[in-house]
Amino acid sequence: MRESIHLSKPIDINGKQYKELSYDWDEITPGMFNRASALATSSNRTGDANMSVMELDSALHMYLGMMAIIAINPEIDIQDLQRIKGTDIIKIVVIGRSFITRSVEGNLEESSLDELSDGTPEPSTPVSKK
């Protein structure tokens, strides 16, 4: 689903001024997801083990938001988006966070509540009667 954000501070990219950036979550590829994850991991590097979960990882959200923009704007590169400043950063983080949360919510809706409340699972091997 193609949407857009309005930038508070327009950004120049390749000689063109952008006041608005379009994005589409559905165009993020596995490679883009992995790149966003790698960029987030390297930006979070403190020497300690990173125990962040993706639902709470604001760096991952930011890079996923950037990937959603790049996915439908091939003339834009990650280095271009890293020049964005101020509250426009939060707008991009929200794009990425929405990508994660809508995916999680979609998975919950797809699973059957009956399966979750089914009770005790059946044994995988029959119990022998003596």
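For clarity, every value in this text was computed on a predicted model and none was experimentally measured.

The rules behind these values
- Residues numbered from 1 in each chain as written.
- Predicted model: local features only at pLDDT ≥ 70, side-chain atom pairs only at ≥ 80, totals over all residues.
- Heavy atoms only, no water.
- Patch = residues over 30% accessible without salt bridge, like charges linked within 9 Å, V, L, I, M, F, W, Y side chains within 5 Å.
- Areas by Shrake-Rupley, 256 points an atom, 1.4 Å probe, with all protein chains shown as cover.
- Salt bridge = Lys/Arg side-chain N within 4 Å of Asp/Glu carboxyl O.
- Helix = DSSP H or I, 4+ residues; strand = E, 2+ residues; numbered from the N terminus.
- Phe/Tyr/Trp six-rings, centres within 6.5 Å; stacked < 30°, edge-to-face > 60°.
- Buried < 20%, exposed > 50% of the residue type's maximum accessible area, 1.4 Å probe, protein only.
- Contact = heavy atoms within 4.5 Å.
- Axes fitted to C-alpha atoms, helices over the stretch in contact; angles between N-to-C directions.
- Left-handed = near helix turned anticlockwise from the far one by under 90°.
- Nonpolar A, V, L, I, M, F, W, Y, C, P; charged D, E, K, R; others polar.
- Expected span 1.5 Å × (residues − 1).

Enquirer: Tell me about a nonpolar patch on the surface, and name the residues and values.
Expert: Taken together, I89, I90 and V94 make up a surface patch of nonpolar side chains, about 220 Å² in accessible area. Along the chain, the position of V94 falls in helix α4 (residues 87-110).

Enquirer: Account for unusual backbone geometry, with residues named and values stated.
Expert: Residues other than glycine seldom take positive phi values, yet N14 does so here, at roughly 55 degrees. If you trace the backbone, N14 turns up in the loop between β1 (2-13) and β2 (16-24).

Enquirer: Let's hear about the packing of aromatic side chains: which residues, and what values?
Expert: For the structure shown, the criterion picks out two aromatic pairs. Seen in terms of ring centroids, Y23 and W25 are 5.8 Å apart; in terms of plane orientation they differ by 65 degrees. Their pairing is edge-to-face. A single burial state applies to Y23 and to W25, both of which are buried. Their ring planes at 45 degrees and their centres at 6.4 Å tell us that F33 and F99 sit as a pair that is tilted.

Enquirer: Give a detailed account of the environment of L7, specifying residues and quantitative values.
Expert: On the secondary structure map, L7 appears in strand β1. Along the primary structure L7 and I84 are separated by 77 residues, whereas in three dimensions their C-alpha atoms are 8.9 Å apart. Setting aside residues up to four positions removed in sequence, L7 forms contacts with Y18, K19, E20, L21, D88 and K91.

Enquirer: How would you explain the side chain of D88 if you had to name every residue and give the values?
Expert: Among the structural elements, D88 can be located in helix α4. Once residues lying within four places of it in the same chain are set aside, the contact partners of D88 are H6, L7, S8 and K9.

Enquirer: Quick rundown of the packing of helix α1 (residues 30-43) against helix α2 (residues 58-72)? Include the residues and the values.
Expert: Close contact between α1 and α2 brings their axes to 8 Å; oriented N to C, the two are set at 145 degrees. Pair α1 / α2 crosses with right-handed handedness. Here α1 contributes M32, F33, R35, A36, S37, L39, A40 and S43 to the contact with α2, which in turn contributes A59, L60, Y63, L64, M67, I70 and A71. Its residues assigned to classes, the contact of α1 with α2 shows 12 nonpolar, two polar and one charged.

Enquirer: Can you lay out the pattern of salt bridges for me, pointing to particular residues and giving the numbers?
Expert: A full pass over the atoms with the stated rule returns three salt bridges. In this structure, the salt-bridge partner of D26 is R102, at a minimum N-O distance of 2.8 Å. With D26 in the loop between β2 and α1 and R102 in helix α4, this residue pair connects regions lying 76 residues apart in the sequence. Here D26 falls in the partly exposed class, since its relative accessible area comes to 48%. In this structure, R83 engages D80 in a salt bridge whose closest nitrogen and oxygen atoms are separated by 3.1 Å. Judged by its relative accessible area of 11%, D80 falls in the buried class.

Enquirer: So what about α2? Which residues, and what values?
Expert: For α2, built from 15 residues, the straight-helix expectation of 21 Å at 1.5 Å per residue is met to within 8% by its first-to-last C-alpha distance of 22 Å. Counting buried positions along α2 gives 12 out of 15 residues, so the element sits mostly inside the fold. Among all positions in α2, only A59, L60, H61, Y63, L64, G65, M66, M67, A68, I69, I70 and I72 are buried.

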